[in-house]
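For reference, the chains in residue letters:
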Amino acid sequence: MKMVPVPEQAYGNLFEGDCYIILNVSNSTTQSTDIHYWIGNTSSQDEQGAAAIYVTQLDEYLGGSPVQHREVQGCESAKFKSYFKNGLIYKKGGVGSGFTHVESNMYNMQRLLHVKGTKHVTAREVEVSWSSFNVGDIFLLDLGKALIQWNGPQSNRQEKLKAVLLAQDIRDRERGGRAQIGVIEGGQEEAFPELMKIIISVLGQRTGHLKESIPDDKPDQNQTSIVKLYQLHYLSIYLSIYLSIYLSDCYILDQGGSSVMVWKGKAASDEERRSALSRAVGFIKAKNYPSNTKVEVMSEGGESAMFKHLFKSWKEKGQIQGLGKTHSVGKIAKVDQVKFDVMELHAQPKLAAQERMVDDASGHIQVWRIENLELKEVNPSTYGQFYGGDCYLVLYTYNRANKPQYILYMWQGRHATQDEVTACAYQAVNLDNKYNGAPTQVRVVMGKEPRHFLAIFKGRLIIFEGGTGRLGVVNPDPGARLFQVRGTHEMNTKATEVPTRASSLNTNDVFLLKTHQNVFLWYGKGCSGDEREMGKAVADLLSEQDKQVVMEGQEPAAFWVALGGKAPYASDKRLEKEVAPHEPRLFECSNQTGRFLVTEVADFTQDDLDEDDVMLLDTWEEIFLWIGNSANQYETQESYSSAVEYLKTHPAGRDPGTPVSTVKQAYEPPTFTGWFNAWDAHKWSVSQTEFENLFGCTRDNFQRLPKWRQNDLKKKAGMF
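The structure presented is a predicted model; accordingly, all values stated were derived computationally and were not measured.

Draft legend 1. Spatial organisation of helix H4 (residues 193–203). Every buried residue of H4 is accounted for by Met196, Ile199 and Leu203. Relative to the axis of H4, the buried residues are bounded by an arc of 60° and lie together on one face. For H4, the exposed residues set more than 90 degrees away from the buried face come down to Pro193, Glu194, Lys197 and Ser201. Where H4 is buried, its residues contact strand E8 (138–142), strand E9 (146–151) and strand E10 (180–185). Phi for Gly204, located one or two positions after H4, is positive at around 85°.

Draft legend 2. Quick peek at the nonpolar core. Counting 38 residues, the largest nonpolar core has Phe386, Val394, Trp411, Phe453, Ile456 and Phe457 as the members making the most contacts within it. With residues near it in sequence (within four places) discarded, Trp411 still touches Phe386, Tyr387, Gly388, Asp390, Cys391, Tyr392, Val444, Met446, Glu449, Phe453 and Ile463. Among the nonpolar cores identified, the runner-up in size contains 20 residues, and Val55, Val260, Phe283 and Val295 belong to it.

Draft legend 3. Molecular detail of the sheet that holds strand E7 (residues 122–126). The strand order across the open sheet built from seven strands is E1-E5-E7-E6-E8-E9-E10, with neighbouring strands paired in mixed fashion. A strand with exactly one partner marks an edge of an open sheet, and here the two such strands are strand E1 (13–15) and E10. Adjacent strand axes in the sheet meet at a mean angle of 25°, parallel and antiparallel pairs treated alike. Note: E9 against E10, six bridges, orientation parallel. Bridge assignment links Ile148 to a residue of E10, and that residue is Gly182. With respect to the sheet, helix H3 (residues 157–174) is in contact with E1, strand E5 (88–91), strand E6 (111–116), E7, E8, E9 and E10, its orientation differing from that of E9 by roughly 170°. H4 contacts E8, E9 and E10 of the sheet and is inclined by roughly 95° relative to E10.

Draft legend 4. Highlighting the side chain of Asn151. Following the sequence through the fold, Asn151 ends up in strand E9. Of the polar contacts made by the side chain of Asn151, one reaches the side chain of Gln149; its length is 2.7 Å. Those residues within four positions of Asn151 in sequence are excluded, and the remaining contacts are Asp137, Ile138, Lys160, Val183, Ile184, Glu185 and Gly186.

Conventions and cut-offs
- Residues numbered from 1 in each chain as written.
- Predicted model: local features only at pLDDT ≥ 70, side-chain atom pairs only at ≥ 80, totals over all residues.
- Heavy atoms only, no water.
- Buried < 20%, exposed > 50% of the residue type's maximum accessible area, 1.4 Å probe, protein only.
- Helix = DSSP H or I, 4+ residues; strand = E, 2+ residues; numbered from the N terminus.
- Arc of directions from axis to C-beta.
- Contact = heavy atoms within 4.5 Å.
- Core = buried A, V, L, I, M, F, W, Y, C linked by side-chain atoms within 4.5 Å.
- Pairing = 2+ DSSP bridges.
- Axes fitted to C-alpha atoms, helices over the stretch in contact; angles between N-to-C directions.
- Polar contact = N/O pair within 3.5 Å; in protein donor to acceptor, adjacent residues only side chain to side chain.

So this is what it looks like as structure tokens:
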């Protein structure tokens with residue numbers, strides 16, 4: 001009944017007989033925190049009760065700010081699934097200790113995984129037999145050193161691709177890259193004799209016909225116009241949600257039985273706040289709702305996007321006149337701008353937990369680069385300069401209670417080879433052993449640097465897109481280079497190299513454009529004075545040349561020439577001045593399963609835009625319909641009517657006259673792309689023929705390649 005940490009390499013592997021607690025701190029502007037507790041189908045009542053108690057205690061420790069979510073196996077929320085991009089694996093049985101998640105001999109095994117889903121994949125262990133197969137799904141035979149993927153004849157391209165990513169994830173995380181992956185097309189088995197020979201040796205010769213497929217998805221039931229608000233304190237029932245919420249109370253919002261949300265006012269009593277989760281579960285039982293009904297618990301000021309979307313007029317602190325708008329500089333891709341006294345971290349442990357800052361970043365750092373698969377110490381004069389073609393180890397040492405503490409960051413460049421990534425993990429183990437296992441190990445993916453990592457480099461963190469920092473290696477001359485500078489002080493600032501084109505600019509940020517002749521310091525209209533000062537400091541690190549300050553809208557001709565000409569960028573006035581209290585939401589519209597479904601995509605990025613489908617982006621003031629190149633006519637027609645119906649049935653009584661815009665793939669306007677972080681304007685600009693000439697394979701086959709192989713082909717094509 002204790003909380004036991006799960007090793008990172010086992011993330012996404014869930015035992016059906018256990019319960020889990022997942023803590024997620026978002027790197028987005030809002031710095032939101034979510035706590036999920038997951039209930040396995042065969043877990044005991046005692047385990048479920050213990051998990052609920054620990055969630056309440058963790059919520060209190062974090063100051064009551066997180067949103068709590070109750071998740072049931074097989075009915076997980078889109079947000080929960082979004083944490084595991086490569087899929088969830090349900091494992092039979094349970095464990096006595098979280099450390100047994102990683103089996104001692106992963107190469108001597110035999111299991112069959114039934115893989116389902118398109119946007120979010122789940123894999124369940126099934127009987128290792130042909131009787132487990134069906135014609136519409138994917139099955140993964142895991143033999144330890146070999147992973148054989150069998151694609152059902154009726155499975156679609158998206159399912160096949162997701163299954164490959166799951167197989168690669170198992171190979172890379174659980175097997176350290178030491179397993180072979182083979183793919184068999186179920187309708188063309190004779191074309192894969194060697195792989196079929198292995199399958200038959202395990203399953204035997206197949207007799208009879210395979211079973212028919214089961215639909216992958218169910219319609220999204222989150223939106224319903226039947227919404228009721230219950231005031232817990234007085235137990236009175238309101239049939240409308242347009243009433244004010246009193247800060248001294250707790251409320252239950254019932255969304256037509258599809259989900260239950262609990263809101264805790266800051267002035268509510270401790271007893272009311274602690275019992276909010278158990279009251280919600282009791283509410284579900286009293287209403288005879290299914291036991292897997294989704295539950296969210298949130299505090300005043302930490303409301304989820306879905307909760308706010310249910311109110312027609314949501315008021316935020318400091319709100320100005322207008323349709324739900326708050327005056328605050330910076331909406332798109334902004335670093336948390338909240339300033340705090342680092343000395344308060346020592347006096348307030350809750351603040352330290354919320355800020356994810358173990359100390360004031362005044363400790364000692366050592367940096368090594370992976371060279372020839374070995375550690376090479378980096379010259380301290382270049383600390384903070386990271387190249388996308390390298391991997392680094394950063395050891396941070398600080399004192400707590402007069403004892404040394406360690407954090408070992410493993411920074412992985414986007415374009416580093418798989419061997420270098422593997423060597424980085426291996427060398428981290430060696431370094432960890434040197435300190436008797438004391439360091440806390442943190443894997444840092446390029447572009448996803450945590451706040452404390454930024455802070456320890458004191459505003460000197462510069463990330464180069466490609467190349468290497470190795471001595472004696474001459475990086476290709478890129479010509480002009482563009483860097484995006486984000487941050488308001490040395491504790492939260494970094495400069496990131498972005499594509500040298502006008503579409504990379506953003507009105508909220510500071511950019512540094514470096515050419516052979518000039519260095520331009522570009523100030524967007526939405527950036528603050530603090531951001532400009534940090535921009536100057538980073539500019540001095542990147543170049544000793546004199547800097548020419550350029551204000552947005554007053555750019556000289558040479559500036560645009562260096563960027564290859566003027567082009568639209570994220571410059572909407574709303575992005576400059578206001579933060580909408582309603583966060584944007586993305587939905588996938590598809591009839592791939594034979595039924596037209598609208599499914600929400602949580603924590604979306606550009607990669608979630610599926611060119612086989614139509615995507616609906618709701619920014620509250622506007623609805624966008626993004627039409628993928630391979631979307632069929634039926635999906636296009638149904639999507640528009642679905643957008644109209646979406647507005648008509650919205651619980652908040654949305655204006656049916658809200659604009660609905662249609663956007664074609666590869667022709668997206670800045671008003672659309674501005675809602676996506678790091679939008680790549682050239683992602684779809686290459687035709688299929690040009691693509692095959694560049695890479696020697698189709699897009700589908702390219703997507704199936706490991707990331708390191710894709711990067712090698714891109715390098716050969718001169719893309720970086």
